[in-house]
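Report on the structure
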Amino acid sequence: RLLVDLVELAAFGSGPILLVGETGTGKELAARLVHAVSRQAAPLVVVDCTTIVPSLSGSELFGHEKGAFTGADRARAGAFAAADGGTLFLDEIGELPLELQAELLRVLQEGTYKRVGGDTWSRTRFRLVSATNRDLEAEQREGRFRSDLYHRIASGVVRLPSLRERDEDVEELFGHFLAEAAGHELDIAGSVVMLLHERAFPGNLRE
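Residues numbered from 1 in each chain as written. Predicted model: local features only at pLDDT ≥ 70, side-chain atom pairs only at ≥ 80, totals over all residues. Heavy atoms only, no water.

Helices and strands together make up the secondary structure of the protein, namely nine helices and nine strands. Considered along the principal axes of its C-alpha atoms, the protein spans approximately 65 × 35 × 35 Å. Per-residue burial over the protein gives 40% buried out of 207 residues. Across the protein, every contact between residues at least 6 apart in sequence was considered, and the portion connecting residues at least 24 apart equals 71%. When the accessible surface of the protein is split by element, carbon and sulfur atoms take 49% of a total near 11700 Å². Here the protein contributes 23 positive and 32 negative side-chain charges, whose respective centroids are spaced 8 Å apart. (Helix = DSSP H or I, 4+ residues; strand = E, 2+ residues; numbered from the N terminus. Buried < 20%, exposed > 50% of the residue type's maximum accessible area, 1.4 Å probe, protein only. Contact = heavy atoms within 4.5 Å. Areas by Shrake-Rupley, 256 points an atom, 1.4 Å probe, with all protein chains shown as cover. Lys, Arg positive; Asp, Glu negative; His and termini not counted. Charge placed at Lys NZ, Arg CZ, Asp CG, Glu CD.)

Dropping the structure here:
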């Protein structure tokens, strides 16, 4: 059902997609699937929102001009420029600081942006896929996430299930990763299977 939803949203629409799921449930893999099905001309650009420093005004997103801040010894294109004509994947968008949420909203509404330290407006157009492990509706109520931005990024919402919800897949997944590590398929002892099914796997596939 998850794959059907993703493919339908990617192939028959152009709106932004929000992927919701715990860590390790495969959100980046889902974003790569959306990009492949969308058949965008430009590449998929991945941005980890947990690494964006607010004091640099989102240089990773907007890019910057030479001398825009200490250490900016040369101009740099940001994610908005790199994703033009392609797909922009904002991983853990719930971690984006409020001031940068407002700037992102402006880009999504107007399709234009300025590099940090620059005066020239540039245009960009991309397919937006965002992901979060947070409850963004609760974050809105707490004032930590903008409601207007949420409605801009969540044209289609797809929730990725945890391993606890798909216990029947645990044994098959374990066998796959074990064979990948060993270079060939191996039999799995019954006691190991029992142990696997007893685990909660809070890290999901990554664990």
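Now, onward.
The next thing to look at is the confidence of the model for the protein. Put simply, the protein has an average pLDDT of 91, and 97% of its residues get 70 or more. Looking at the elements of the protein, mean pLDDT is at its lowest for strand E3 (residues 63-64), recorded as 79, and at its highest for strand E1 (residues 17-20), recorded as 98. (pLDDT = per-residue confidence, 0-100.)

Below, the discussion takes up the side chain of Ser162. Looking at where Ser162 falls in the secondary structure, it is placed in the loop between strand E9 (156-159) and helix H8 (170-182). Excluding residues within four positions of it along the chain, Ser162 makes contact with Glu22, Thr25 and Asn204.

With that settled, consider the packing of aromatic side chains. This model, assessed by the stated rule, comprises three aromatic pairs. Ring geometry for Phe62 and Phe80: centres 5.0 Å apart, planes at 90 degrees, overall edge-to-face. Remark: Phe80 occurs in helix H4 (residues 79-82) and Phe62 occurs in helix H3 (residues 59-62); sequence separation between them is 18 residues. Using a relative accessible area of 0% as the deciding quantity, one classes Phe80 as buried. Geometrically, the ring pair formed by Phe80 and Phe126 is stacked, given 5.9 Å between the ring centres and 0 degrees between the ring planes. Of this pair, Phe80 sits in helix H4 while Phe126 sits in the loop between strand E7 (121-123) and strand E8 (127-132); the two residues are 46 residues apart in sequence, bridging distant segments of the chain. (Phe/Tyr/Trp six-rings, centres within 6.5 Å; stacked < 30°, edge-to-face > 60°.)

Counting 29 residues, the largest nonpolar core has Val47, Leu61, Phe80, Leu88, Leu90, Leu104 and Ile153 as the members making the most contacts within it. The set of elements that each furnish at least two residues to this core consists of strand E2 (44-48), H3, H4, strand E5 (87-91), helix H5 (98-110) and helix H7 (147-153). For this core, the leading source of residues is H5, giving five residues. If sequence neighbours within four positions are ignored, Phe80 has contacts with Leu61, Phe62, Leu88, Leu104, Val107, Tyr113, Thr124 and Phe126. Formed by 13 residues, the second largest nonpolar core is a distinct cluster that contains Ala10, Ile17, Ala31 and Val158. (Core = buried A, V, L, I, M, F, W, Y, C linked by side-chain atoms within 4.5 Å.)

Scanning the model with the defined rule gives 10 salt bridges in all. A salt bridge links Arg134 to Glu139; the nearest nitrogen and oxygen atoms lie 3.0 Å apart. Glu139 gets classed as buried once you look at its relative accessible area, which sits at 8%. Between Arg144 and Glu139 there is a salt bridge, with its nearest N and O atoms 3.1 Å apart. Residue Arg144 is classed as partly exposed on the basis of its relative accessible area of 42%. Several salt bridges converge on common partners, so that one network encompasses Glu95, Arg134, Glu139 and Arg144. (Salt bridge = Lys/Arg side-chain N within 4 Å of Asp/Glu carboxyl O.)

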